[in-house]
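What the coordinates show
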Amino acid sequence: MAATHTLRDSARAAAQGVRQALGGSFAAISKWERELGQLRVLVNAGELAPGEREFPDGETYPVHEFPEIVGFLHEQWAGGGEPNAWVEVAEGVPPAEGRYNHQRVAALRRRGRGCCVVAPIVLHGRAWGELYVARRAGEPVFRRADADFATVLAAVTAAGIAQTERLAEARRLAFTDALTGLANRRAVDMRLDEALELHRAEGVVVSLVVCDLNGLKRVNDSRGHAVGDRLLERFGSVLSLCGAMLPGTLAARLGGDEFCLLAVGPPSDEVVKVAGELCYRAGELDLGEGVAVGVASTGDPIGAVRSARRLFRLADAAQYRAKAAKSGEPVVAGRHGGADDPVVRLADSPEPPPGPERRRFRR
C-alpha cells in the first residue's frame, strides 16, 4: 500500500494482501458513505462470482442492512473496546463468539461461498468502512484466531488508507486555489504542457481564455477585502459554470484578479462563444465592473505555438487590448489580420505594452 497513490489502488493492494494472508478466495473493501447511508464497494479481489467486478460501478448496500458497522461503534468502541472482527457462515449458525446477519448469509449462499470474516476499518476513531474476506463452500470455516488476525489487518489497512488520503489531500491543495476552489497556476502549467504535446502530435486544438476581473481594487478599498474575496468567489463560480459548457475544460485562478479557462479539443469558435457568455455573466454580478477577456487558440491564425509561454503571451495581449478598450466582449488573437493582427504583433514584441496600466506578459 505504501507505493500506491490513489484510494482505489490502495484498496486493491490491501484487499489482495489480506485475502492471501487469511487464506481466502475472495476479499472486498467497502467505504461507509455516511451522507448517503450506504456501504460502497471500492474493490473486489480474488475469485469473482457472476456479476461481480474488480472495480464495481455502483455496488452499494444500505447500511441499515448491516447495522453492526454503525452500532458496534457506539456499543463497544465508545466503552473502550476494540473494533474486533467477526465470522459469518453460510449455514447461518456462527461459530463461538460469531455473529449472524441474514443479508451476509444470503450473499454467501448466493455466491457459492462458505464463510466470511468481517473487520471494521476505523480511521480517526470513526467507522470508515469494512474489510471482508470469504472462503469457498466446503473449505475450513474461519475461527476466532482468524478474526483476531483480521482485526490486526484491518488496522494496517486503515493506516494505509489514511496515508493515501493525506497524500491525496496534499496533492489537491498543491493544485487548488484555496479561496475559489478552482485550479491554480501550477495546475494550469502542467495541463497546458500536456495539451500542447497533444497539439504538436495530433493537431488537437488548444485554447486559452485569460480573464482580468475589473473593479476588484475599488471593492477592496471601499468595502473591504472580505467583500473583495466574495467577488472573487462569485466570479470563480461563474467561470466554473461557463467552463462546464466546454467538456474537459480547466477553470483556474492564476492569482490576484486573474483567471483563465484552458480548453483542449473544442473548436476555437465554441471557445469564443463561451468567452462571450463569460463576459455577459460577469457583467451581471452585483459587485465589480465586469471582466476583460482575451482568447488565444491554436485553431486561429496565430502562427506556430511551440511553447506554453507563447500561447499565454497571446492571450495576455488579447486581454490587455480588451481592458484598454473597456470591451464588453472578448478580444481574440489572430482574427484581425492573421500574422499582421495587432494582438499577435503585441504578443510577439520583445517589450511589454507601454503605459501605467501595463502588465508584463508571462515569461
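Everything that follows concerns the structure shown earlier in this document.
Read on for a plain summary of the structure. Note that the structure is predicted; figures quoted are calculated from it, not measured.

1. Digging into helix 7 (residues 225–243)
When the terminal C-alpha atoms of helix 7 are compared, their 26 Å separation across 19 residues agrees well with the 27 Å that a helix rising 1.5 Å per residue should span. If you check which residues of helix 7 are buried, you get Val227, Gly228, Leu231, Leu232, Phe235, Gly236, Val238, Leu239, Cys242 and Gly243. Among the structural elements, strand 7 (206–213), helix 6 (216–223), strand 8 (250–255), strand 9 (258–264), helix 8 (268–283) and strand 10 (291–297) are those in contact with the buried residues of helix 7.

2. Some remarks on helix 9 (residues 308–324)
Counting along an α-helix, one turn takes 3.6 residues, and residues three or four places apart therefore face a common direction. Over its 17 residues, helix 9 runs 24 Å from end to end, which matches the ideal 24 Å to within 8%, given 1.5 Å per residue. In terms of residue burial, helix 9 counts as a mostly covered element, since 12 of its 17 residues are buried. Note on helix 9: the residue one or two positions beyond its end, Lys326, has a positive phi of about 50 degrees.

3. Observations regarding the side chain of Glu88
Mapped onto the secondary structure, Glu88 falls in strand 4 (residues 86–89). One buried charge, Glu88, has no salt-bridge partner; the nearest side chain with opposite charge is Arg104, at 4.5 Å. Only 3.4 Å separates the side chain of Glu88 from the side chain of Trp86, close enough to count as a polar contact.

4. Remarks on the nonpolar core
Grouped together as the largest cluster of nonpolar side chains are 32 residues, with contacts concentrated most on Leu192, Leu208 and Leu311. Of all the secondary-structure elements, those providing two or more residues to this core are helix 5 (185–202), strand 7, strand 8, strand 9, strand 10, helix 9 and helix 10 (342–348). Among the elements that line this core, the one with the most residues is helix 9, at 8 residues. Filtering out sequence-adjacent residues up to four positions away, Leu192 remains in contact with Val206, Leu262, Ala308, Leu311 and Phe312. Membership of the second largest hydrophobic core comes to 31 residues, among which are Cys211, Phe235, Val271 and Val272.

5. Some words on the sheet that holds strand 11 (residues 331–332)
Picture the strands of a sheet paired through backbone hydrogen bonds; they go either parallel or antiparallel. Strand order in this open sheet of 5 strands is 8-9-7-10-11, and the pairing throughout is mixed. Every interior strand has two partners, whereas the edge strands, strand 8 and strand 11, have only one. Of the pairings in the sheet, the one linking strand 7 to strand 10 comprises 7 bridges and is antiparallel in character. Opposite Val209, over in strand 10, you have Val295 as the bridge partner. Lying over the sheet, helix 8 contacts strand 7, strand 9, strand 10 and strand 11, oriented at roughly 175 degrees with respect to strand 10.

6. With respect to the pattern of salt bridges
Evaluated as defined, the whole model comprises 18 salt bridges. The residue Glu139 makes a salt bridge to Arg136 at a minimum N-O spacing of 2.2 Å. Linked by salt bridges that have partners in common, Glu47, Arg136 and Glu139 make up one network.

7. What to know about the pairing of strand 2 (residues 38–46)
Of all 9 residues in strand 2, 7 are buried; the element is thus mostly enclosed. Taking the residues between adjacent antiparallel strands as the criterion, strand 1 (residues 26–33) and strand 2 are bridged by 4 residues, where Gly37 takes a positive phi near 65 degrees.

8. Some words on the sheet that holds strand 2
If you walk across this open sheet you meet the 6 strands as 3-2-1-6-5-4, and the pairing is antiparallel. On the outer flanks of this sheet lie strand 3 (60–62) and strand 4, each paired with one strand and no other. Each neighbouring strand pair of the sheet contributes to a mean axis angle of 25 degrees, computed without reference to strand direction. By the bridge criterion, 6 bridges tie strand 1 to strand 6 (residues 126–136) in an arrangement that is antiparallel. The residue bridging Ser30 from the neighbouring strand is Glu130, located in strand 6. Contacts from helix 4 (residues 144–174) reach strand 1, strand 4, strand 5 (113–123) and strand 6, with the element oriented near 45 degrees to strand 5.

How each quantity is defined
Residues numbered from 1 in each chain as written. Predicted model: local features only at pLDDT ≥ 70, side-chain atom pairs only at ≥ 80, totals over all residues. Heavy atoms only, no water. Helix = DSSP H or I, 4+ residues; strand = E, 2+ residues; numbered from the N terminus. Expected span 1.5 Å × (residues − 1). Buried < 20%, exposed > 50% of the residue type's maximum accessible area, 1.4 Å probe, protein only. Contact = heavy atoms within 4.5 Å. Lys, Arg positive; Asp, Glu negative; His and termini not counted. Salt bridge = Lys/Arg side-chain N within 4 Å of Asp/Glu carboxyl O. Polar contact = N/O pair within 3.5 Å; in protein donor to acceptor, adjacent residues only side chain to side chain. Core = buried A, V, L, I, M, F, W, Y, C linked by side-chain atoms within 4.5 Å. Pairing = 2+ DSSP bridges. Axes fitted to C-alpha atoms, helices over the stretch in contact; angles between N-to-C directions.

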